[in-house]
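For reference, the chains in residue letters:
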Amino acid sequence: MSPLMDYLPFDFGLAHATAIVLILALWGFYTPILKLIGRGSLNTQLHAVRMRWLQMHQGIEREHRVYDAILLGHISNSISYFGSGTLLVLAGLVGALANVNSVYQLTRGLAFIDHTMSLQLFTLCVFLLTAILAQCFFSFTYALRKMAYTFAMLGGLPTESANTPEARVMGEQSAVVLTEAVRSINTGIRGYYYAVAAIFL
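Trainee: Account for the overall build of the protein chain, naming residues and giving values.
Mentor: Across its full length, the protein chain holds seven helices and zero strands. In the protein chain, the succession of helices and strands from N to C terminus is α-α-α-α-α-α-α. Counting over 201 residues, the protein chain shows a buried share of 35%. Taking all contacts inside the protein chain whose residues are at least 6 apart in sequence as the whole, residues at least 24 apart take part in 80%. Of the accessible surface of the protein chain, which amounts to about 12100 Å², a share of 70% is contributed by carbon and sulfur atoms.

Written out as structure tokens, the structure is:
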């Protein structure tokens, strides 16, 4: 018997291992899989749209850029909302881990819970759910940081049109940072889908 099996619950089987591997693999390799079977994710396709938007943005007078900053600010508020909500859920899950015995006994009265599940396997499932939500929270936090960089680069764009190599590069780099921020948002939101799958592990 493998030494690793000594640390796993006695009722932890191949189906549980396969489910955990699938959840983590599909979440981690979501974008590369889309690149293989299609044209990539929607965020990747929209990168070209963001580049055109920023090139047009550079030709607008400085005072008119406030409206674009307001629109991006709404995105930041949405990220903050998801991050705050995730933090509350994460705090609840950490509390459940701290009192896992009581939570385990409480769930025995629920009809849709597998009553044959051991306490150790139940703890592992709650830990997996907590780890997924923690990753979601860090993704939203990282997205906020990238949005702050996007605002700084947006304010630093030259007022003239993107008809010089330097201005064009600045617009392209701003689009890259914005696309990376949206990618982090998508990673956090996508984590909720896999968290729902982990609930039924």
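Further notes follow.
Trainee: Explain helix α1 (residues 14-28) residue by residue, including any values.
Mentor: Here α1 contains 15 residues, and its C-alpha end-to-end distance of 21 Å stays within 8% of the 21 Å for a straight helix at 1.5 Å per residue. Along α1, the residues classified as buried are His16, Ile20, Ile23 and Trp27. Burial along α1 is one-sided: seen end-on, the buried residues are contained in an arc of 65°. For α1, the exposed residues lying more than 90 degrees away from the buried face are Leu14, Ala15, Val21 and Gly28. Where the residues of α1 are buried, they touch α2 (30-37), α6 (119-155) and α7 (165-199).

Trainee: How would you explain the side chain of arginine 190 if you had to name every residue and give the values?
Mentor: As for its placement among the helices and strands, arginine 190 is situated in helix α7. The side chain of arginine 190 sits in the buried core without any salt bridge; glutamate 180 is the nearest counter-charge, 11 Å away. Excluding its chain neighbours within four sequence positions, the residues that come into contact with arginine 190 are Trp27 and Tyr30.

Trainee: Describe the pattern of salt bridges, with residues and values.
Mentor: Counted under the stated rule, the structure contains two salt bridges. Across the pair glutamate 180 and lysine 146 runs a salt bridge whose closest N-O atoms are separated by 3.9 Å. With glutamate 180 in helix α7 and lysine 146 in helix α6, this residue pair connects regions lying 34 residues apart in the sequence. Residue glutamate 180 is classed as partly exposed on the basis of its relative accessible area, which comes to 31%. Given a relative accessible area of 11%, lysine 146 falls into the buried group. Salt bridges sharing partners connect three or more residues here, namely Lys146, Glu180 and Arg183.

Trainee: So what's going on with the environment of lysine 146? Which residues, and what values?
Mentor: Distance from lysine 146 to valine 182, taken between C-alpha atoms, is 8.8 Å for residues 36 residues apart in sequence. A polar contact of 3.3 Å, which involves the side chain of lysine 146, links it to the backbone oxygen of glutamate 180. Here the side chain of lysine 146 touches serine 184 through a polar contact of 2.8 Å, side chain to side chain.

Trainee: Please give an account of a nonpolar patch on the surface that cites residues and values.
Mentor: On the surface, Leu22, Leu26, Phe29, Ile33, Leu36 and Ile37 cluster together into a nonpolar patch covering about 650 Å² of accessible area. Those elements giving two or more residues to the nonpolar patch turn out to be α1 and α2. The element that contributes the greatest number of residues to the nonpolar patch is α2, accounting for three residues. Here leucine 26 is to be found in helix α1.

Rules of the game
Residues numbered from 1 in each chain as written. Predicted model: local features only at pLDDT ≥ 70, side-chain atom pairs only at ≥ 80, totals over all residues. Heavy atoms only, no water. Helix = DSSP H or I, 4+ residues; strand = E, 2+ residues; numbered from the N terminus. Buried < 20%, exposed > 50% of the residue type's maximum accessible area, 1.4 Å probe, protein only. Contact = heavy atoms within 4.5 Å. Areas by Shrake-Rupley, 256 points an atom, 1.4 Å probe, with all protein chains shown as cover. Expected span 1.5 Å × (residues − 1). Arc of directions from axis to C-beta. Lys, Arg positive; Asp, Glu negative; His and termini not counted. Salt bridge = Lys/Arg side-chain N within 4 Å of Asp/Glu carboxyl O. Polar contact = N/O pair within 3.5 Å; in protein donor to acceptor, adjacent residues only side chain to side chain. Patch = residues over 30% accessible without salt bridge, like charges linked within 9 Å, V, L, I, M, F, W, Y side chains within 5 Å.

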